[in-house]
Amino acid sequence: MARSPILLSREAQLLLLTASASPDTTALASLLSAGIDWAGLCDLAQRERAASIVWRQVQRLGSIDPPSTRDGGLRQLATFSAARMLHLEHVLHEILATLAGGGIEALLLKGAGLAYTAYASFADRPMGDIDVLVLPEQAEEAWSLFRAQGWTWPSAQWPRERYSAHQHLPPLIQQSAGGARLEIHRDLLPGHGFRLATDAVWARARRVPANDRVVLVPHPVHQLLHVCVHFAWSHGMQWGTWRALRDVAAITHRDDFAWSEFIELARESRAATCCFWTLRLTQRLADTEIPEHVLAALRPPSPEFVLDRLERHYVSNLFPSESSCPSVQLTNWLWEAGILPGRSGHGPARPWHVSERWMTEQERHDAASARRHTPWARLRNFRAWLRYVGRIVYPHTTSTHAGRSPSTSAVPLQGPYLTATVPHPTATQGSSHDLTRR
Amino acid sequence: MTSPDANGAITTSSLVVATTDQVSSDLAGEAIVLSLRTGMYYGLAQVGVRVWELVREPIRVADLRDMIVREYDVEPERCERDVLDFLGDLATQGLIEIRDEIAAA
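Values in this document were obtained by computation on a predicted structure and should not be read as measured data.

Attention now goes to the overall build of chain B. Within chain B one finds three helices and six strands. Put simply, chain B runs from its N terminus to its C terminus through helices and strands in the order β-β-β-β-α-β-α-α-β. Across the 105 residues that make up chain B, the buried fraction comes to 30%. Sequence separation of at least 24 residues holds for 56% of the intrachain contacts in chain B that already meet a minimum separation of 6.

Following this line, the structure appears as structure tokens:
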């Protein structure tokens, strides 16, 4: 049986297995035994800010250690990540104290909110920045409060006008010891046709203990909705995959998760397809059980054959690799085919409109230049399109149904994307190194 | 931070405790300690993790040494030397402080 070229590398498989609420140690050990490109895994882990969690899981296996020559890579990244989280938690509590001092109530969004609810500790949910939601009428006041405290606003990088209709104000940066980034939100979802009243988020918010204080966090159904929309819409299912799938697994791990309420919320807020794809990918890739009736209630009205091919496309684009879609335009079309923004009620807005709006003049110029192909380049691109579509539509694997492994897979795991044939992605550098290394 | 002897060195009768301007967490059996004052972070492994656990509450160095000797296969003299060196490093980095009061035996 031929192998499908649209598959995840072993490193990506291992990374995604660590996103499960209860990672399968047998599956992890099998992947490690089959051979892992540690440099590739480090690159992926760094890109996804997953190093400390991956390291912890690898260490749990005990007898299978990274090769000593590469040990420093993952271990050092993990140590840095853990230290970074210690720093961010400290900064978060300083932020909350500042807001409380100004009489402004804040609700912890995204990583910070999930860290104190869905995870065992703050350090267990790596994040890059801190997001807080405040009442819309207090957002400017909160932003000014931090500016007065020395937080900086790189105005050239994040001009005011780009944030006039955005869900958060321009990010603020704390430059002292370690650095941190703060985003003050006035709304939960981007204003692209989703229908969720922020008042409802405030009304359902819960108070939970966080060290020596009590913090306000969204209700779990709002947290899950936020994760799904952020991943499927804002990130186009191409960025932040590990964190999104892991958040889904962590939020839904509780037996008492209110699935019926979530389905209703997803439909009412026009986020059903975003939720469907995020949940389906979590089920497929992160060894997480999602009730079938939930997926059935949220699925787009397309035959399984179509959903299956779209899923293959989305999976092949979760991480940078040689098998990713060769065309931005095709990627956009296939995103629309799965999310159905018109049918969902999103109007003409699309995620890439936001990216285009935020481009600098130089970036616009470069993008326009890149689109001006010679006839020969156009032909090459067209052939790449055809090859890619062919791989999506006619996969040479036995099945893509969860729980059935391709017969060619050397690794006895569950799930459809198991055989490693893709070289590890190009290194993604540039995550913050603003804490002093040992 | 005060020193319990004329030379400012830690002795077995010193009372040591982790400072308040640090935070720490566990990472696969290692302790990651971040100094909030300097932004420097440190990874402690093996016996260092145990020592760090013990200094989270004020403890006399002699008591700390005795616990390590009981828990690990190490000669008391060597243990004392290593513990004093290690605590000296932690103090230099501002991660522990030496309390004024000398613990009564």
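Residue and element names in this part refer to chain B. What the three strands build is an open sheet, ordered E2-E3-E4; its pairing is antiparallel. Across the chains shown, the open sheet's two edge strands, defined by having one partner strand only, are strand E2 (22–27) and strand E4 (41–44). When strand polarity is set aside, the average angle formed by the axes of neighbouring strands in this sheet is 20 degrees. Examined bridge by bridge, strand E3 (residues 30–35) and E4 share four bridges and lie antiparallel to one another. The partner of Ala31 across the bridge, within E4, is Leu44. This element, helix H1 (residues 47–54), spans E2, E3 and E4 of the sheet and lies at about 55 degrees to E3.

Here the focus is the packing of helix H9 (residues 220–234) of chain A against helix H12 (residues 272–285) of chain A. All names here are of chain A. With their axes 8 Å apart at the nearest point, H9 and H12 run at an angle of 90 degrees to one another. Judged by the inter-axis angle, H9 sits roughly perpendicular to H12. Every residue of H12 that contacts H9 at Leu225, Val227, Cys228, Val229, Phe231, Ala232 and Trp233 is listed here: Cys274, Cys275, Trp277 and Thr278. By residue class, the composition of the contact of H9 with H12 is 10 nonpolar, one polar and no charged.

Right, let's talk about the packing of helix H2 (residues 61–71) of chain B against helix H3 (residues 76–92) of chain B for a bit. Residue and element names in this part refer to chain B. Relative to each other, H2 and H3 sit at 125 degrees, their axes nearing to 9 Å. In terms of axis orientation, H2 runs oblique to H3. For the pair H2 and H3, the crossing hand works out as right-handed. Listed contacts from H3 to Val61, Leu64, Arg65, Ile68 and Val69 of H2 are Pro76, Cys79, Glu80, Val83 and Leu87.

Now for the nonpolar core. Residue and element names in this part refer to chain A. With 135 residues, the main nonpolar core has Ala45, Val54, Leu74, Val132, Cys228, Leu245 and Cys275 as its most contacted residues. Element by element, the count of residues in this core is highest for helix H5 (residues 68–101), at 14 residues. Setting aside its immediate chain neighbours within four residues, Val132 contacts Ile95, Ala106, Leu107, Leu108, Leu109, Ile184 and His185.

Residue and element names in this part refer to chain B. Buried residues dominate E3, accounting for five of its six residues. By the bridge criterion, six bridges tie E2 to E3 in an arrangement that is antiparallel. Bridging across to E3, Asp26 finds its partner in Ala31. Where E2 folds back on E3, the antiparallel hairpin that results is connected by two residues, among which Ala28 adopts a positive phi of roughly 50 degrees.

Residue and element names in this part refer to chain B. Spatial ordering of the open sheet is given by E5-E1-E6, a layout of three strands whose pairing is antiparallel. At either end of the open sheet lies a strand with only one pairing partner, and these are strand E5 (59–60) and strand E6 (96–98). Bridge count between strand E1 (residues 15–18) and E5: two bridges; the pairing is antiparallel. When the sheet's bridge partners are listed, Leu15 is paired in E5 with Arg60.

For the rest of this paragraph, the subject is helix H1 (residues 10–17) of chain A. For the α-helix, the turn length of 3.6 residues means that residues three or four positions removed from each other point alike. All names here are of chain A. Counting buried positions along H1 gives eight out of eight residues, so the element sits mostly inside the fold. Taken together, the buried positions of H1 are Arg10, Glu11, Ala12, Gln13, Leu14, Leu15, Leu16 and Leu17. As for H1, its buried residues are in contact with helix H2 (25–34), helix H3 (38–48), helix H4 (51–60), helix H10 (241–252) and H12.

A separate point is the interface of chain B and chain A. Contacts between the two partners involve 14 residues from chain B, matched on the other side by 17 residues from chain A. When contributions to the side of chain B that touches chain A are tallied by element, the ones reaching two or more residues are E2, E3 and E4 of chain B. Looking at the side of chain B that touches chain A, its residues break down into nine nonpolar, five polar and no charged.

The subject of this paragraph is the environment of Ala83 of chain A. Position of Ala83 of chain A among the secondary structure elements: in helix H5. For the pair formed by Ala83 of chain A and Ala123 of chain A, sequence separation is 40 residues and the distance between their alpha carbons is 8.7 Å.

Let us now look at the confidence of the model for chain B. Per-residue confidence for chain B averages 87 on the pLDDT scale, and 87% of its residues sit at or above 70. Per the prediction output, this complex has pTM 0.85; the corresponding ipTM is 0.82.

Here the focus is the environment of Ile10 of chain B. Residue and element names in this part refer to chain B. Along the polypeptide, Ile10 turns up in the segment before E1. For the pair Ile10 and Val51, spaced 41 residues apart in the sequence, the C-alpha separation amounts to 15 Å. With residues up to four places along the chain from it excluded, the contact list for Ile10 reads Val16, Val61, Leu84, Leu87, Gly88, Ala91 and Ile98.

Our focus in this paragraph is the environment of Glu289 of chain A. As for its placement among the helices and strands, Glu289 of chain A is situated in the loop between H12 and helix H13 (292–298). Each C-alpha atom of the pair Glu289 of chain A and Leu279 of chain A lies 9.3 Å from the other, and the pair is 10 residues apart in sequence.

The phi dihedral of Met237 of chain A is positive, around 60 degrees, even though this residue is not glycine. With respect to the helices and strands, Met237 of chain A occurs in the loop between H9 and H10. Classification of Met237 of chain A by C-beta neighbours within 10 Å gives buried; the count is 26. Its identity as a non-glycine residue notwithstanding, Gln46 of chain B has a phi of 50 degrees, on the positive side. Among the structural elements, Gln46 of chain B can be located in the loop between E4 and H1.

So, how was this worked out
Along each chain, residues carry numbers from 1 onward, in the same order as the chain's sequence is written. For this description, chains carry letters from A and ligands carry numbers from 1, given in the order in which they are written. Local features in this predicted model are restricted to residues of pLDDT 70 or higher, and side-chain atom pairs are both shown and tallied only at a pLDDT of 80 or more, whereas totals for entire chains, interfaces and linings draw on every residue. Under the scheme used here, helices are H or I runs from DSSP no shorter than 4 residues and strands are E runs no shorter than 2 residues, and both carry numbers assigned from the N terminus. Exposure is read from a count of other C-beta atoms within 10 Å of each residue's own; the residue is exposed at 12 or fewer, buried at 20 or more and partly exposed in between. C-beta atoms are placed from the backbone. Throughout, a pair of residues is in contact if the C-beta atoms placed from their backbones lie within 7 Å. DSSP bridges decide pairing: two strands pair if at least two such bridges lie between them. Every axis in this analysis is a line fitted to C-alpha atoms, fitted for helices over the stretch in contact. Angles between the N-to-C directions lie between 0 and 180 degrees. In these notes the angle categories are as follows: under 35 degrees is roughly parallel, over 145 is roughly antiparallel, 65 to 115 is roughly perpendicular, and the rest is oblique. Classification convention: Asp, Glu, Lys, Arg as charged; Ala, Val, Leu, Ile, Met, Phe, Trp, Tyr, Cys, Pro as nonpolar; all other residues, Gly among them, as polar. Whether a crossing is left-handed or right-handed is set by the direction in which the near helix is turned from the far one by less than a right angle, anticlockwise for left-handed and clockwise for right-handed. Nonpolar cores are identified as sets of buried Ala, Val, Leu, Ile, Met, Phe, Trp, Tyr and Cys residues joined via C-beta atoms within 7 Å. Confidence of the prediction at every residue is given by pLDDT, a number between 0 and 100.

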